[in-house]
Amino acid sequence: PSHDIIATYREIGGLIGNSQTNSSIIQRCYSKAIISGGGNEIIGGIAGFYSGTVQDCHSSGSITGASVISLGGLVGQLDSAGKVKYCYSEMQVSSGTNTGGLVGNNAGTITSSYFTGGPDNGQGTKITPDQSKRRSTFSGWDFRNNWLIDEGKNLPYLSFEAWNLYTSSIVTGK
């Protein structure tokens, strides 16, 4: 299920608002959230302001904010020591200054990471809905240990999410 986050603090994230520790790692996780900021914030689907590594993660939902400093589908602002690797965002992101579908404001490194919604500010690779459902799109991703994909049907999901998808289909009968 997704969760609503309504905040007026400076850094807002689906998981973490602010981490300025270069050695911190967010790995193999996801955020499904509806995030709304009141103004003058840094907002991201996973993290607002981040200095560490975000790897093998994804985010979905929506982000809106009035007078935001930086807004990104995965990370609002990535510090110079920050890294985003093998991630994607399908967040619907409102447009504005320092706004992007994957990372809003980037001083770090982005490797093989993608987004389907939000403005294309050159931070990450924008892909179409059709491309998002093909394994060949996700260059260098570990589809043996970390990710799974139902070719042509949906976006990649983390291997531990397979159980949730399986039990959900039993409950709904789909």
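Everything below is about the structure printed above this text.
A brief structural summary.

Moving on, we come to the sheet that holds strand E6 (residues 47–50). Pairing between sheet strands relies on hydrogen bonds along the backbone, with the strands arranged either parallel or antiparallel. The parallel open sheet is built from four strands, whose spatial order is E3-E6-E9-E13. In the strand order of this sheet, the two ends are held by strand E3 (16–19) and strand E13 (103–106), each with one partner. Going across the sheet, the axis of each strand differs from the next one's by a mean of 5 degrees, ignoring polarity. Where E6 meets strand E9 (residues 75–78), three bridges bridge the pair, whose relative direction is parallel. Across the sheet, Ala-47 pairs through a bridge with Val-75, a residue of E9.

Ranked by internal contacts, the top residues of the largest apolar core, which has 15 residues, are Ile-26, Ile-46, Val-54, Cys-57, Leu-74, Val-75 and Val-84. Of all the elements in the fold, those that place two or more residues in this core are strand E4 (25–37), E6, strand E7 (53–65) and E9. Core analysis: the next-biggest nonpolar cluster, separate from the first, contains ten residues, Tyr-88, Trp-141, Ile-149 and Leu-155 among them.

Taking strand neighbours across the sheet as the criterion, the four strands line up as E2-E5-E8-E12 in an open arrangement whose pairing is parallel. What marks the edges here is a single partner per strand, and that holds for strand E2 (11–13) and strand E12 (99–100). Pairing of strand E8 (residues 70–72) with E12, which is carried by two bridges, proceeds in the parallel orientation. Residue pairing across strands places Leu-71 opposite Thr-99, the latter belonging to E12.

On to the pairing of strand E11 (residues 88–93). Where E7 lies against E11, six bridges are found, and the strand directions are parallel. If you follow Ile-63 over to E11, its bridge partner there is Val-93. Relative to strand E15 (residues 114–115), E11 is paired through two bridges, and the arrangement is parallel. Following the sheet pairing, Tyr-88 is matched in E15 by Tyr-114.

Once that is clear, we can look at unusual backbone geometry. A positive phi is found at Asp-56, a non-glycine position, where the angle reads about 55 degrees. Note that Asp-56 resides in strand E7. The class of Asp-56 is buried, set by a relative accessible area of 2%. The backbone of Ser-112 sits at a positive phi, close to 45 degrees, despite the residue not being glycine. Within the secondary structure, Ser-112 is located in the loop between strand E14 (109–111) and E15.

Quick notes on the rules
Residues numbered from 1 in each chain as written. Predicted model: local features only at pLDDT ≥ 70, side-chain atom pairs only at ≥ 80, totals over all residues. Heavy atoms only, no water. Pairing = 2+ DSSP bridges. Helix = DSSP H or I, 4+ residues; strand = E, 2+ residues; numbered from the N terminus. Axes fitted to C-alpha atoms, helices over the stretch in contact; angles between N-to-C directions. Core = buried A, V, L, I, M, F, W, Y, C linked by side-chain atoms within 4.5 Å. Buried < 20%, exposed > 50% of the residue type's maximum accessible area, 1.4 Å probe, protein only.

In short, geometric facts, not functional conclusions.
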